Amino acid sequence: MEQGFLSLNDADFWDNYTQRLNTLGDEILDEVANKGVSVFALDAPKQIDIGQRQTLPVIGLRFGTSAYLIKHGYTRQALIVATDLVNNKTYVDLAVQPRNLPTRPGPNKTPDPSGGGGGGFTIDVRDRLGLPWVPGEYLITVVMSELVTNRVRVKLVESKQDPAVAAFVAQERAKLPLPAIQPLPGRPVPSYLQQKGSPDIPVKPGIALALPPLSVIEKTRECIGYGSFRVPLKAARSLKTSESVQMEGKSVNARVPIKLFATGDFIGLPYVWDLVVPSFDSPQQINMSGEVTGQFALDLCHNVPLASKEITRYVYAFSGEVMAGPVPMAFVTEHRDQP
Amino acid sequence: MSDKNIYDDEKITVNARIDGDAVTVNKITQAKFIFTLIKGSAKEVLAPQMGTASGFPRTATCEFTPPKVDKTLDYYDVTYQVEVTPPGKPAVTLNGKDTIRVWPKTVKVRFTSDDVDDIKGVKFVVSSTGKVSRTEKKTATDAGEWEGTLPQAAWTLDVDPPWKKTDVTATGREREYKVTKKPFRAVFLSPDPDDKTKPIRQLINLAATTPWKKAEPSGHTLEFKVASDKDEAKAGDLVYIECQFGHESKRTTSKPVLLATGLDGAVTKSNSDKTCKGKIKLGADKTATFKVELGQAGGDTCTVKVGSTDACGDATLQFVNWRRVYYQLMAPDFMALEERDEAGAKVKDFPAGAIAKLKSLGDSIFTEFVFHKSHTFALAAAPAGTALPRGFIGRATGPANVYILSDHTFKNYPKAFSTGADSKSPREVRIKLCDANLFADAEPQQDVFTVVKTKQADLPTDAADGALWMPKCSLDGTDTITEIKWKATLDPNAHKHKPTFTLAAPVLTAGSKKADSRSIKIKELTQNKEVTVVFAKSGMLSDVSTDLSTSEKGKIDPFLNSLFNGPTLRRNGNKLQFQIEAETGNARRDLRKTNVESTLTARFNALAPEIPFHPALDDNGVARTGNLPLTAVNMGRSTQTLIAVDLPDTAATDPGKWVGDPTTAGKSEIRVSCKFKPHREGLGLAGRGAQKGEILVVFDKDHLEAMIEIVIHEVGHQMNMTVFSGAADSHAPGFTVSKHVDEDEANAAYKNNGDKGHVYRDHGHSGSHCAFGLSDANKLLAAYDDASANAKCIMFGSNDLANANRRSFCVQCQDYIKARDVSTIEL
């Protein structure tokens, strides 16, 4: 499904969506019951006047068989991911705020072989992610373990704002210093040079991840993840010649923020890596292609308990308009033969 | 050991019997008596004293007058020997069998002082120990002397206040004591506890009362009233005060101190301010009042001493700071609480196990949790949707009904808590107990469906993200279920059938004898349609034919086709019933009827279509569907994870009539779906708005300690636990902000299972909590519920009634919560 599938006007997303949600839900329910399909999709208003509205609503659908729904618990697992395309900053957090009181764990669930269901969900993205309420543009996604919705695009505008002021604000935001390269290179990782395990740089804008698909917990000392990317220039920050620095023996001519996170637990809370990756592309290359490429390698298990238990984690990467994932990383316990 | 005690003014008569033959002993007329005085280790043998011997048996007698006891001695002992010399024989010496202890008849005590006035009329107490134990009060003369007889025993002397013995300059029969005279003995008029030797539990968070109440010692600024013991003081005399503070807490505001107000001069502080000294003048009424700030930290101790000299040795009181938090309980009367008598009335309180846990947790933070009132109500008063069969929450035993509260019903209670003067606000917690607490989920309404072969449709709500349900929405009390639908699942094309063809008994008439033509009417009774076929003569003279002509046969097909209307057929049970109206009376007439019947039958068989036909299909051949009222939900079978629906079976079109195994003719499976507002289950809720100050708690008699942990977790938050701002903990002045889980813990006393701090936000919980007990590796986890088994502190962010690990305040939280001001509890 693509943005707009709910056939709502932008204004309907605040208080006039229930009937449409029910109607569409009934249709989908028939499909689930008859064909066993599952649906996980997201819709959102295309544009929001931040002078008129105080929330950024998105509405999603989640339908499937009983087994599907039990495996993917929305309340605890769903993550809302929003990428600010102006600053290429990605936010991620649980879609549903945990209740501020002790709760009783849900009962053990057994799938009803002939059952199913689902429904809609709504998220105030501004509230959940603490988004700055300033003009901008976001790409928004909901992730639940290995499931990911379509990405919806929402523009935040301020209709009453003087264009000159808007231009000034945009100019000022553009001057904001980009965070320094992080993490800094180490031995042998983190590294931003091509490695033996690095995937090829995508031929089109995108991110490619190469992660260890299966690790034995007892033997896991490190989990080296490799990434390669090609992003449009606007997702990066190219550096003037005077700003260029040397790193790992090469000149850094651009920096690209990449948000990496791993989810997949019973509670979807992600482990997050905020990377600012250098690009060693020459200024000429960058100017000619309008794109920036680069690579990274880091130990995902360094100070992060990814291998704390038997689990399959799903890793995602977001940078501007491009994303990667889910890429599974399974951790299993070593089976020892009894003497 | 002496055998006899005498005063030194008494005489001793010693008789010695002289045995032997009468002739010899009668010649002995004298005996020599030798007395020895034993003074400590020294022995003094006195000059022999002669005694006269006479009579028979011969007895020698001597009367001994003991010398006075030396001034420096308390007593001396006397032993004796008798020596006789028989005629012509050597002297014989006999030892006396006993020892005599000689005590002074007159004892003299003299008091001296640097101030001659101090020795006038010194009151003192003489204590004798030994064979005779006695305490005697004495008074010296104006010259500071006393002379008299004391029991025959060792004795000690103590002066009564206001005198004070400073030095003993002599011992023995005549003693001299150096004394000073204090003006009076200071005493506390208030506080006046029954047992002054035990520390007083001072309830520092309660409002101070004047005068101080024994039953409820209250207030953190404590007023002391002092006077002299026996009205010996005069206005203007000074009472000296010394306060020793334990300073157990690091809290820096409202720090324990002797307040200067009313004192004579400044307060002097020493020992890092733990010691405060001052003095105060007695007023015209010979009393004085001063104040001590005990501070606002639970567990802080203080000792207050007063005296008429700066030694402050006259009276002492000790205090330990405690806080008291009251609770009111609200519960339905069918809940298994403990009933007891209180002030003649029946009240319901937590069971003993819960109260013991309350006490244990309270003791660790110097806080008493005290029952104030209970409020109960009958089942009939429970708001709609709150009292449900116990099976709804999976209970097989116990009271028949359980009480389920939600955000909505939490606000709409059949009874109100005591307020105003009848309450203990703002130092109380109001607790609403329930058997389960459900709250609305974040999502809009959800759908669940199931496919059934019986009239009982059980819809597991957990298919919708593990959700629960309850009849009334937790948000506004409206019905949670907004729609129940059913739909037959059969494929209409899999149930195609030709209509049933039947011929009713014909309607026959006699007919006319002569006719140019004969007609037969074909009627279809279910649709009330008919067609008439005519038999004509083939010639003027011929008979009317018995065969249908081609043209007449051609009428039958359109007639039949007009009957093959699917909806009409299904409405009529997919049946067609024909009836022939024809003439009879002869063979030809009967043959015509037979021919029509056979033609009709043949054409029907040739033309009749197969149409979808099944009880589960409606007139249009579409699988039946319908909505059900909420009364279709069977609450007797429903649970919080299951919506039980009974399908109706009254009318032929009701799904209950034909639901069944689809392999059985006329049966169909049915998909039942339901739209409902999903809920989750909580264990507690802290009230907001009108419910501020109230806590909703799930009562579980099988998990009392865990239940109390949840109550106190919430109360702990209200005591501002794990809530910090700025660089310092503003709620515990003087304390730095606790180290977070990603910081190194500097205080060795707070380290546990690693080197990291304990405060955390989020990690799957909402707000700020304590991770004490989790290892450093645990603290790297995204979701701390994965390590909840290691959590030891009650301020950990989640709990579970079935959790076997009991929690309490960790050592760090204890320190912080003891430092908090608990004068207001408003949840």
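Residues numbered from 1 in each chain as written. Chains lettered and ligands numbered in written order. Predicted model: local features only at pLDDT ≥ 70, side-chain atom pairs only at ≥ 80, totals over all residues. Heavy atoms only, no water.

### Topic: the state of the cysteines
All names here are of chain A. Rules: For the purposes of this analysis, a disulfide is any pair of cysteine sulfur atoms at a distance within 2.5 Å. Numbering of helices and strands runs from the N terminus; a helix is a DSSP stretch of H or I covering at least four residues, while a strand is a stretch of E covering at least two.
Counted according to the given criterion, the structure contains one disulfide over all chains. Residue pairing for C223: its cysteine sulfur links by disulfide to C301, the two sulfurs lying 1.7 Å apart. Where C223 bonds to C301 through sulfur, the torsion about that S-S bond is close to -65 degrees, and the disulfide is left-handed. Here C223, found in the loop between β11 (214–216) and β12 (224–232), pairs with C301, found in the loop between β18 (291–299) and β19 (311–319); they are 78 residues apart in sequence, far enough to count as distant.

### Comments concerning the packing of aromatic side chains
Rules: Classification of ring pairs uses Phe, Tyr and Trp, with its six-membered ring standing for Trp, and accepts pairs whose centres are within 6.5 Å; under 30 degrees between planes counts as stacked, over 60 as edge-to-face, and the remaining range as tilted. Throughout this description, the term charge over a ring refers to an Arg CZ or Lys NZ atom that lies within 6 Å of the ring centre and within 35 degrees of the ring normal.
All told, the structure shown has 28 aromatic pairs over all chains when counted by the stated rule. Grouped by ring-pair contacts, the aromatic residues F501(B), F559(B), F564(B), F578(B) and F604(B) constitute a single cluster. In this arrangement the basic side chain of R53(A) is found over the ring face of W14(A), its NZ or CZ atom lying 4.0 Å from the centre. The side chain of K424(B) reaches across the aromatic face of Y326(B), ending 4.7 Å from its centre.

### Brief notes about the interface of chain B and chain A
Definition in use: The contact definition used throughout considers only heavy atoms, calling two residues in contact when any of these lie within 4.5 Å. Basic side-chain nitrogens of Lys or Arg form a salt bridge, by our definition, when they fall within 4 Å of a carboxyl oxygen of Asp or Glu. Polar contacts here mean pairs of N or O atoms no more than 3.5 Å apart (in protein, one a potential hydrogen donor and the other a potential acceptor; neighbouring residues in sequence count only if both atoms are side-chain atoms). By the convention adopted, Pro, Cys, Tyr, Trp, Phe, Met, Ile, Leu, Val and Ala count as nonpolar, Lys, Arg, Asp and Glu as charged, and the other residues, Gly among them, as polar. One bridge is not enough; two strands pair if DSSP finds at least two bridges between them.
Counting residues at the interface gives 51 residues for chain B and 51 residues for chain A. Counting across the interface, chain B meets chain A through five salt bridges. With a closest N to O distance of 2.9 Å, D26(A) and K675(B) form a salt bridge. At the boundary of chain B with chain A, the tally comes to eleven residue pairs in polar contact (both at pLDDT 80 or more). Secondary-structure elements contributing two or more residues to the side of chain B that touches chain A are β34 (446–452), β36 (481–488), β46 (670–676), β47 (679–682), β48 (684–686) and α8 (704–718) of chain B. Grouping the amino acids of the side of chain B that touches chain A by side-chain chemistry returns 20 nonpolar, 14 polar and 17 charged. As defined by bridge partners, strand β6 (residues 116–124) of chain A adjoins β34(B) across four bridges and the pair is classed as antiparallel. Bridge pairing in β34(B) places G116(A) opposite F449(B).

### A closer look at the confidence of the model for chain B
Residues and elements named next belong to chain B. Worth spelling out the cut-off: Residue-level confidence of the predictor is summarised by pLDDT, bounded by 0 at the bottom and 100 at the top.
Confidence along chain B averages 90 in pLDDT terms, with 98% of residues attaining 70 or more. Element-level pLDDT for chain B is lowest in β48, with a mean of 75, against a maximum mean of 97 in strand β23 (residues 275–281). This prediction of the complex comes with two scores: 0.74 for pTM and 0.82 for ipTM.

### Examining helix α2 (residues 18–35) of chain A
Counted only if it meets this: Multiplying 1.5 Å by the helix residue count minus one yields the expected span of that helix. A 1.4 Å probe rolled over the protein chains alone gives each residue an accessible area, and that area as a share of the maximum for its type sets the label: buried under 20%, exposed over 50%, partly exposed in between. Here the arc refers to the directions that run from the helix axis out to each C-beta atom.
With 18 residues, α2(A) should reach 26 Å at 1.5 Å per residue; the first-to-last C-alpha distance of 25 Å fits that figure. For α2(A), the set of buried residues is L21(A), L24(A), G25(A), I28(A), L29(A) and V32(A). On an axial view of α2(A), the arc spanned by its buried residues comes to 155 degrees, and they lie on one face. In this structure, α2(A) carries Q19(A) and N34(A) as exposed residues pointing more than 90 degrees from its buried face. Close packing links the buried residues of α2(A) with β1 (39–43), β3 (57–65) and β6 of chain A together with β34 and β46 of chain B. Directly after α2(A), the chain includes G36(A), whose backbone phi takes a positive value near 70 degrees.

### Observations concerning the pairing of strand β5 (residues 89–94) of chain A
All names here are of chain A. Looking at chain direction, strand β4 (residues 79–84) and β5 are connected through six bridges and run antiparallel. Of the residues in β5, the one forming a bridge with T83 is T90. Between β4 and the antiparallel strand that follows it, β5, lie four residues; N88 among them carries a positive phi value of about 50 degrees.

### Some words on the sheet that holds strand β44 (residues 625–628) of chain B
Where we set the bar: Axis definition: a line fitted to C-alpha atoms, limited for helices to the stretch in contact. Angles are taken between N-to-C directions and run from 0 to 180 degrees.
Read across the open sheet, the seven strands follow the order β1(A)-β3(A)-β6(A)-β34(B)-β46(B)-β36(B)-β44(B); overall the sheet is antiparallel. Across the chains shown, the open sheet's two edge strands, defined by having one partner strand only, are β1 of chain A together with β44 of chain B. Mean inter-strand twist for the sheet, computed between neighbouring axes without regard to direction, equals 15 degrees. Sheet strands in contact with α2(A) are β1, β3 and β6 of chain A together with β34, β36 and β46 of chain B, and its direction is about 25 degrees off that of β3(A).

### Some details on the sheet that holds strand β14 (residues 154–159) of chain B
Residue and element names in this part refer to chain B. Here three strands make up an open sheet; going across it, the order is β12-β11-β14 and the pairing antiparallel. Each having just a single partner strand, β12 (134–139) and β14 make up the two edges of the open sheet. Across the sheet, the mean angle separating the axes of adjacent strands is 25 degrees when strand polarity is ignored. Bridge count between strand β11 (residues 123–129) and β14: six bridges; the pairing is antiparallel. Counted as the bridge partner of V126 is L157 from β14.

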